[in-house]
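# Geometric and topological summary
Below are the chains, spelled out letter by letter.
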Amino acid sequence: MDFVEAVKYLLEFAGYIRTETMQKFQPERQTEKIEETKQRKDIPKEPFVLPSKSETSRRLYGYLIKQRKLSKQMIDFWVKKGILYESGTYHNLVFVGKDTEGIPRFASQRGTLDKYGKPFKGDVTGNDKTYGVNLVDQNSDTLYVYEAAIDAMSDMELREDYQNNILVLGMLSDGPLEKFLKDYPHIRKIQFCLDNDLPGRQAAKKLARKYTLMEYEVFVRLPPMGKDYNAFLQYKKENQELSSLVEKERPLLTETKGTNIQKIEKMVGHRNIVPYQIAQAR
């Protein structure tokens, strides 16, 4: 309700105005709301236009390599596939979803300024929400499903696997998955690689049940450590770097009483965890 309507409602509730007044007033408001809804439906949908491309991809590579610990090889692979680029105006990451003909139908943007606050995230205006960012391999019958494109890149690197179908759901929407399976009927196995948090686990359970009943062979692959697959990739790489540097400096440790270890931890962005052996992601 707006302010005037709310006041009149409260006065009527307390018995200060006649009921007939409210009964006359409410149909008028309902008529106005119906007209507003019709007007919104009549507004044409804005066309889908991809953001302009930056002349270089310097910030894209810098962010994904330094902060997300992805390899240049993995980033090159996504860029060459035409599903990742750096925008020209704001230098955001742009992830592109294509249809069966290779025509862009969906795109989402992500800022690269995580260190300075909450990053920008948002879909490009005019998106077709039934599509998601995807990679298609007609020779594979297995589909890997993720919540975010960077998680998909991270798990591909952990598995050292470039030869399977990939789909990014975004906000855990089931629409893109239904569309993808309809467009690519050769898929018979689905691996849900969602986040290892409460929403991710709940979504994995719900989706696994649905598609098992639809006679797909379904697996749930949550990251063995950390909230998502990119966090797991970062943990693994940071500890590999830390272990390597500790081994290199080991002869000096007894003389410096551990001073070098503190310096090494600062160099690699140590997360206040001791070195440990991390199991390979299955």
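All of the points below concern the structure found in this document. (Residues numbered from 1 in each chain as written. Predicted model: local features only at pLDDT ≥ 70, side-chain atom pairs only at ≥ 80, totals over all residues. Heavy atoms only, no water.)

## Brief notes about the packing of aromatic side chains
How we decide: Only Phe, Tyr and Trp rings take part, Trp by its six-membered ring, and two of them pair if their centres are within 6.5 Å. Stacked means planes under 30 degrees apart, edge-to-face means over 60, and tilted covers everything else. Accessible area is worked out with a 1.4 Å probe on protein chains only. A residue is then buried under 20% of its type maximum, exposed over 50%, and partly exposed in between. In this scheme, the term charge over a ring applies when either NZ of a lysine or CZ of an arginine sits within 6 Å of the ring centre and within 35 degrees of the ring normal.
All chains considered together, the criterion is met by six aromatic pairs. Here Phe180 and Tyr184 contribute two aromatic rings whose centre-to-centre distance is 4.7 Å and whose plane-to-plane angle is 45 degrees, an arrangement assigned as tilted. Residue classification places Tyr184 among the buried positions, given a relative accessible area of 8%. Ring-pair connections join several aromatic residues into one group, and the members of that group are Phe192, Tyr211 and Tyr216. Across from the ring centre of Tyr85, 5.2 Å away, lies the NZ or CZ of Lys53, which sits over that ring. Against the face of Tyr144 rests Arg159, its NZ or CZ located 3.9 Å from the ring centre.

## Focus: the sheet that holds strand S5 (residues 134-135)
This is how the line gets drawn: For two strands to be treated as a pair, DSSP must find no fewer than two bridges joining them. Elements are defined by DSSP. Helices are runs of H or I of four residues or more, strands are runs of E of two residues or more, and each kind is numbered from the N terminus. By definition in these notes, contact holds between two residues if any of their heavy atoms fall within 4.5 Å. Every axis in this analysis is a line fitted to C-alpha atoms, fitted for helices over the stretch in contact. Angles between the N-to-C directions lie between 0 and 180 degrees.
Read across the open sheet, the five strands follow the order S5-S7-S6-S8-S9; overall the sheet is mixed. The sheet is open, and its two edges are formed by S5 and strand S9 (217-220), each paired on a single side. As defined by bridge partners, strand S8 (residues 189-192) adjoins S9 across four bridges and the pair is classed as parallel. Opposite Gln191, over in S9, you have Phe219 as the bridge partner. The sheet contacts of helix H6 (residues 175-183) involve S5, strand S6 (142-146), strand S7 (165-168) and S8, and relative to S7 the element is tilted by about 155 degrees. The strands touched by helix H7 (residues 198-213) are S8 and S9; relative to S9, the strand with the most contacts, the crossing angle is about 170 degrees.

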